[in-house]
Amino acid sequence: MIIIVCRIAEKMSSKYSDRLSTWKSSLESKIWTLAGQLGHRDGASAPPLESDNVHGDQQVITSTLSDDEDSSSYHSVDSNISEVSSLCEEDTPPVHSLDSNNSEECVDSHKQVYRYDVFLSFRGPDVRNTFVDHLFERLERRGIFTFKDNVRLKKGKRIKAELMDAIRDSRLAIVVFSSTYPTSTWCLDEMSTIADLHRQNKQIVVPVFYDVPSSDVGSQTGPYEVHFNSERFRKFSNRVARWKVDMKYLAKVCGFSIVDSNRPETTHLEEITSFVAKELNHRFTLLASDLIGIQPRVAELERRLNLTSGNVAFQILEIWGMSGIGKTVLAMILYDRISHQFDACCFIQGVNGIYTRHANACETATTNVQKQILLQLFQEQVESDDPAEIAKMLQNRMCNRNLPKRVLIVLDDVGDPKQWDDLGIVPDSLGLGSRVVITTRFQHILNVNTAYEIHEVQLLNDDEALELFQRKAFKIDCHSLAISDVSRRIIENAQCLPSAIIKLGYYFNQKAEAHWERCFQRWREYPEEKYMNSLQEKDYEVLNEDEKMIFLDIACFFTGKNKKYVEHILGSRISDPHLAIQEIRKKSLIKIRNHEIHMHQILQDLGKKIVRGNNKDEPKCWSRLWNAEDFQEVLIDMEGNKVQAIVLDEDVSKYMKIGGLSELRDLRLLILHHHKSSSEKLTFRFNKLCYLSWHGFSYTSLSLCIWSNLAELNLPNSSIRRLWEGSQAIPNLKRMNLRNSRDLVITPNFACCQGLVRLDLTGCINLTEVHDSIGLLRELNYLSLRECSSLSLLDFGPNCQLSSLRTLLLSGCTNLQQTPDFTELSNLRYLDLERCTSLSTMHESIGTLATLKYLSLRGCKNLVHAPYILNGNSSLLILDLSGCMMITNLPRCRRKFAPSSCLESLMFLSPVFLEPQRILDFVGELMFFDGEWICSKLAYLNLAHCHELRRFPEASFHGLHEMKGTLERYPQLSVIGQDYIFSASTV
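Predicted model only: the values in this text are computed from it and were never measured. (Residues numbered from 1 in each chain as written. Predicted model: local features only at pLDDT ≥ 70, side-chain atom pairs only at ≥ 80, totals over all residues. Heavy atoms only, no water.)

1. Some words on the nonpolar core
How we decide: Only buried Ala, Val, Leu, Ile, Met, Phe, Trp, Tyr and Cys residues count toward a nonpolar core, and they belong to the same one when joined by side-chain atoms within 4.5 Å. The buried label goes to any residue with under 20% of its type's maximum accessible area, the exposed label to any with over 50%, and the partly exposed label to all in between, with areas taken from a 1.4 Å probe on protein chains only. Under the scheme used here, helices are H or I runs from DSSP no shorter than 4 residues and strands are E runs no shorter than 2 residues, and both carry numbers assigned from the N terminus. By definition, residues are in contact when any of their heavy atoms lie within 4.5 Å.
Counting 167 residues, the largest nonpolar core has I646, W694 and L785 as its most contacted members. When residues of this core are assigned to their parent elements, the largest contribution, nine residues, is made by helix α24 (residues 545–558). Here I646 is in contact with F557, L625, F631, L661, L664, L667, L669, L670, I671 and L672, once residues within four sequence places are set aside.

The following block contains the structure:
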């Protein structure tokens, strides 16, 4: 090493004699660094150095660090050799004015993927909690991803190594020279690394001289001279020379001086932030106060783009979310973050708006977008308006190998897949590593055969929403302000939607805080017209007629309701509500969470605004009513009403006399809760009613002039005694629910509604007769007569057509003496006869139910003959005979059935309370046929309370997992299979 120094010194001409001393010190510093690295490679240890906390104020490391840890490991041997040579030349860096662009030096910077835009180097005690904190916050809000040690350092990592990695992974470094900056060796090593990168044109540097003149920094005078001449630095004087050279070098880079300035610090901060944005070639200037919580969201988008993956040749990233959630802002920040990595970039803002403005000439809109792409990607201004010529020109440029190949294309607000298709961009013609980013309100809007990522933009969290509102409402940084109740309710109303919070912030900024409560109530009733009109144009007008109807119904009635419930209500008016709801979800208008439909409060307000139209104070002119007081007002003044739907969740008994309902001729949906008894006769004259649900219907009969459109009738807890007289034409009725209608005595004739799918008469305790026309309901798949305790006979008639019936519930029919004929119930799956205490026998046709999976006779204490379930039923999974204490004759298998077809699917058997010997024979019969195992899938056998059981079939119960009752409970049992797993439970 010494030889190298001598040979270089010999070659110095006399004209450099005045600089030889400086060069000598610098060369010695570099050589010591090289020696440390080479020594480390050879296993030699370098002399120990005094450690220094990160930026002087983080108490993290207290042990000493070796020279290679503290300095040399941050620079490669090859790098330092080149720097030794460069010191033999002029050491003055290029001088830049504030108008120059340092980034032009980094010609190949797009070839490197940077983790950060900016690295902040500073001495902590001087500026951390003041100037640097404010600068960091402003940079972050401008979408400039900045490394600051106490924010970005990861726990468990070696601090100094991570700091140096962060420097190399940053496009630009800001070095804040303060009066005590040179007291930290950590800071000085950061500075040297930054200087090295700047010399190699690998990093832009912006020095800031904070309360110290640049001359003191460059010549190491003033406080810098004191620090460098201190006793502490004599321990490693070889490195001091290098630090001085690097400090002199950076002091000559044009930066910002903040020394005894009369200008406000905020002015300096704004100038530095703007300059950095310009140096980074950021295209978009955004309001800093709008960019709350932006950095982690942009970082996630970068991750989804797979920019560092060599395996992804081309990819489209779809940024999807509802209007006003910040998709465009995210795309802008992302563009500024990554555009330097591409050969050419373009950002086309408001694509859908361009097509909307040229609604009658889509070709013109496509041409306009193609022209912008040609201009931004290839700097080619096109004068022609010929669509064919422009399309061909774009295709030629894309395929030209001599033009930029790795491109970034951002298309903001794409509203239709045709907008992409018409552009004629062929992914195969783009260079390796090209990316396309689109923002849209429509999930998976493009149908392309290429790598396609979808990122759903999330709402702000509560803290971010509150901060954004305060910035707009108070126009200041106000973390310390007390949060009022009305502020919290305002945020709750906006539901963390950025555009709504910004609008609310501006709105309340113009009001005295003492008046906020009244202003908020006014906003809730009548949100800002311009904002709502914008949402209506973007979100509502693009829907088809069915989707518009569903959107308004959800906005007014159904947010938070179960999706299946909403679907079957809507199914009374449209053919495929499930598909329509999915389309609305894909358009970012609703979310499905936990099987519930949720719509943002702002969109609910939009829907109600559309319903009100220009008649804000005249509810009779609205198509929908969701408020009981508005309903009462309509009932008072019915003339000229346009009401089509009424859904009121509260009990409206106290508000009105219902009689006026009969005048709502256009009503198609009615859901009411009304429990007040009434003696008045009610005749409905609805011509279009499709869905009627009236909880607590207080009239004894229901009279509809026209039933033909009715698809669902729900009258739970009603006082009705008879539905209709004679035979009505109700061809569209699918569902009928009369649960707990305790006054109902007889069902109507069902011949008029043979499309009925579901009939629920649960809890009709005085029902004595079910009309035998029920057997004609060939579409019926669900019939419940549970707890109909007065029903003694159920007859499906001589012409039974119940082949679609899958569920029959008769539990609690305590007066039922015999079961119906099951012969025609060929698809019955579930039969519940629990607690039919008057039942003594079952119709023998029970044995023909080949599809039956569940049969419960639990508690049928007077049943004396068990069902013939062994006659070939291979589908039965659960058989519950618990409590059937009168059974004396258990059926036996008929030999014509092969063992494989006899109860081979049975998993649950509970014959408890049966006579012990019968259990033994019954269980043995179930389990074996001519010595072969029959119930091969039986997993649960309940013999609890069979206290006299003394013998059990000898076998290996390989399928049985639980027997209720333990060995201790039955010590008298003589044989138990070795493979049996006992339950610990006892009864």
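2. With respect to helix α12 (residues 265–279)
We count it as follows: Each residue after the first adds 1.5 Å to the expected span of a helix.
Between its first and last C-alpha atoms α12 spans 21 Å; for 15 residues at 1.5 Å apiece the expected length is 21 Å, and the two agree. Inspection of α12 places H268, L269, I272, T273, F275, V276, A277 and E279 among the buried residues, and these make up the whole buried set. Close packing links the buried residues of α12 with β3 (116–121), α5 (124–141), β5 (170–177), β6 (204–210) and β7 (256–258). Backbone geometry just downstream of α12 places N281 in the positive-phi region, at approximately 60 degrees.

3. Some thoughts on the layout of surface pockets
To keep things clear, this is the line we draw: Computed over the protein atoms alone on a 1 Å grid, cavities are sets of points where a 1.4 Å probe fits but cannot get out and pockets are open sets with protein on both sides within 12 Å along at least five of seven lines; a residue lines them when it has an atom within 4 Å of a point. Grid points are joined across faces, edges and corners, and a volume is the space filled by probe spheres set on the points. Note on residue classes: Ala, Val, Leu, Ile, Met, Phe, Trp, Tyr, Cys and Pro are nonpolar, Asp, Glu, Lys and Arg are charged, and everything else, Gly too, is polar.
Of the voids in this model, the largest pocket is the one considered here, and its volume is about 920 Å³. If you go around the largest pocket, you meet 36 residues; those closest to its centre are G324, I325, G326, V329 and S499. Put simply, the parts of the chain that give the lining of the largest pocket at least two residues each are α13 (294–305), α14 (327–338), α19 (462–474), α21 (498–509) and α23 (529–540). Classifying every residue of the lining of the largest pocket gives 17 nonpolar, nine polar and 10 charged.

4. Topic: the environment of G660
With respect to the helices and strands, G660 occurs in the loop between β16 (645–651) and β17 (669–673). Through-space distance from the C-alpha of G660 to that of Q632 is 9.7 Å; in sequence the pair is 28 residues apart.

5. Thoughts on the side chain of D412
Note the following rule: Neither His nor the chain ends contribute to the count of charged residues, in which Lys and Arg are positive and Asp and Glu negative. A pairing counts as a salt bridge when a side-chain nitrogen of Lys or Arg comes within 4 Å of a carboxyl oxygen of Asp or Glu.
With respect to the element layout, D412 can be found in the loop between β10 (407–411) and α18 (417–423). As a buried residue without a salt bridge, D412 has its nearest oppositely charged side chain in K327, at a separation of 7.2 Å. The residues contacting D412, other than those within four sequence positions of it, are T328, F347, I348, Q349, G350, V351, N352 and T439.

6. Description of the packing of α5 against α12
This is how it is decided: Between the N-to-C directions of two axes lies an angle of 0 to 180 degrees, each axis being a line fitted to C-alpha atoms and, for a helix, fitted only over the stretch in contact. Angular relationships are summarised with four words: roughly parallel below 35 degrees, roughly antiparallel beyond 145, roughly perpendicular across 65 to 115, and oblique for the angles in between. The crossing is said to be left-handed when, going from far helix to near helix, the turn is anticlockwise and less than a right angle, and right-handed when the turn is clockwise.
At a minimum axis distance of 10 Å, the contact between α5 and α12 shows a crossing angle of 45 degrees. Relative to α12, α5 is oriented oblique. Seen along the crossing, α5 lies across α12 with a hand that is right-handed. Touching F131, H134, L135, R138 and L139 of α5 are E265, T266, L269, E270, I272, T273 and V276, all from α12.

7. Looking at a negative patch on the surface
The test is simple: For patch detection, residues must exceed 30% relative accessible area and be free of salt bridges, and they are connected within 9 Å for like charges or within 5 Å for nonpolar side chains (Val, Leu, Ile, Met, Phe, Trp, Tyr). Here the accessible surface of atoms and residues is derived via Shrake-Rupley with a 1.4 Å probe, and residues count as covered only by protein chains that are part of the display. For charged residues, the charge sits on one atom: NZ in Lys, CZ in Arg, CG in Asp, CD in Glu.
Side chains of E769, D772, D795, D821, E824 and E844 sit close together on the surface and give a patch of like negative charge. As for its position among the elements, E824 is in the loop between β25 (807–809) and β26 (830–832).

8. So, the sheet that holds β10
Here is the rule we go by: By this definition, two strands are paired if DSSP reports at least two bridges between them.
Here five strands make up an open sheet; going across it, the order is β9-β10-β11-β8-β12 and the pairing parallel. Of all strands in the sheet, those bounded by a partner on one side alone are β9 (344–348) and β12 (451–456). Across the sheet, the mean angle separating the axes of adjacent strands is 10 degrees when strand polarity is ignored. Looking at chain direction, strand β8 (residues 314–320) and β12 are connected through six bridges and run parallel.

9. Here we look at the pairing of β6
Applicable threshold: With its strands directed away from the observer, a crossover is right-handed exactly when the path from the first strand over the helix to the second travels clockwise.
For β6, a buried count of seven out of seven residues is recorded, marking the element as mostly surrounded by other parts of the structure. Where burial is concerned, the two faces of β6 agree: the one with I204, V206, V208 and Y210 and the one with V205, P207 and F209 are both buried. Bridge analysis of β5 against β6 gives six bridges, and the strand direction is parallel. Within β6, the residue paired with V175 across the bridge is P207. The β-α-β motif built from β5, the intervening helix α8 (residues 185–199) and the parallel element β6 has right-handed crossover chirality. Sheet topology places β6 next to β7; three bridges connect them, and they run parallel. Looking at β7, one finds that Y210 is bridged to I258.

10. Section: helix α26 (residues 577–586)
Two residues of an α-helix separated by three or four positions point the same way, owing to the 3.6 residues in each turn. Within the sequence span of α26, burial applies to P577, A580, I581, Q582 and I584. Taken together, the buried residues of α26 touch α24, α25 (563–570), β13 (591–593) and β14 (596–598). Just downstream of α26 lies S588, where phi reads positive at about 65 degrees.

11. Points about the sheet that holds β6
Taking strand neighbours across the sheet as the criterion, the five strands line up as β4-β3-β5-β6-β7 in an open arrangement whose pairing is parallel. Only two strands of the sheet have a single neighbouring strand rather than two, namely β4 (146–147) and β7. Here β3 pairs with β4 via two bridges, running parallel. Bridge pairing links V118 to T146 in β4. On top of the sheet, helix α7 (residues 159–168) reaches β3, β4 and β5; it is set at about 130 degrees to β3, its chief contact.

12. Observations concerning the environment of A628
Following the sequence through the fold, A628 ends up in helix α28 (residues 628–636). Exposure remark for A628: the relative accessible area of 1% places this residue in the buried category. In sequence terms A628 and D651 are 23 residues apart; their C-alpha atoms lie 8.8 Å from each other.

13. Structural notes on the packing of α25 against α26
Relative orientation and spacing of two packed helices are given, respectively, by the angle between their axes and the distance between those axes. Relative orientation of the contacting elements α25 and α26 amounts to 120 degrees, with a least axis distance of 9 Å. For the element pair α25 / α26, the angle class is oblique. Once α25 is placed against α26, the crossing between them reads as right-handed. Facing α25, whose interface residues are K563, V566, E567 and L570, α26 presents P577, H578, I581 and Q582. Looking at the contact of α25 with α26, its residues break down into four nonpolar, two polar and two charged.

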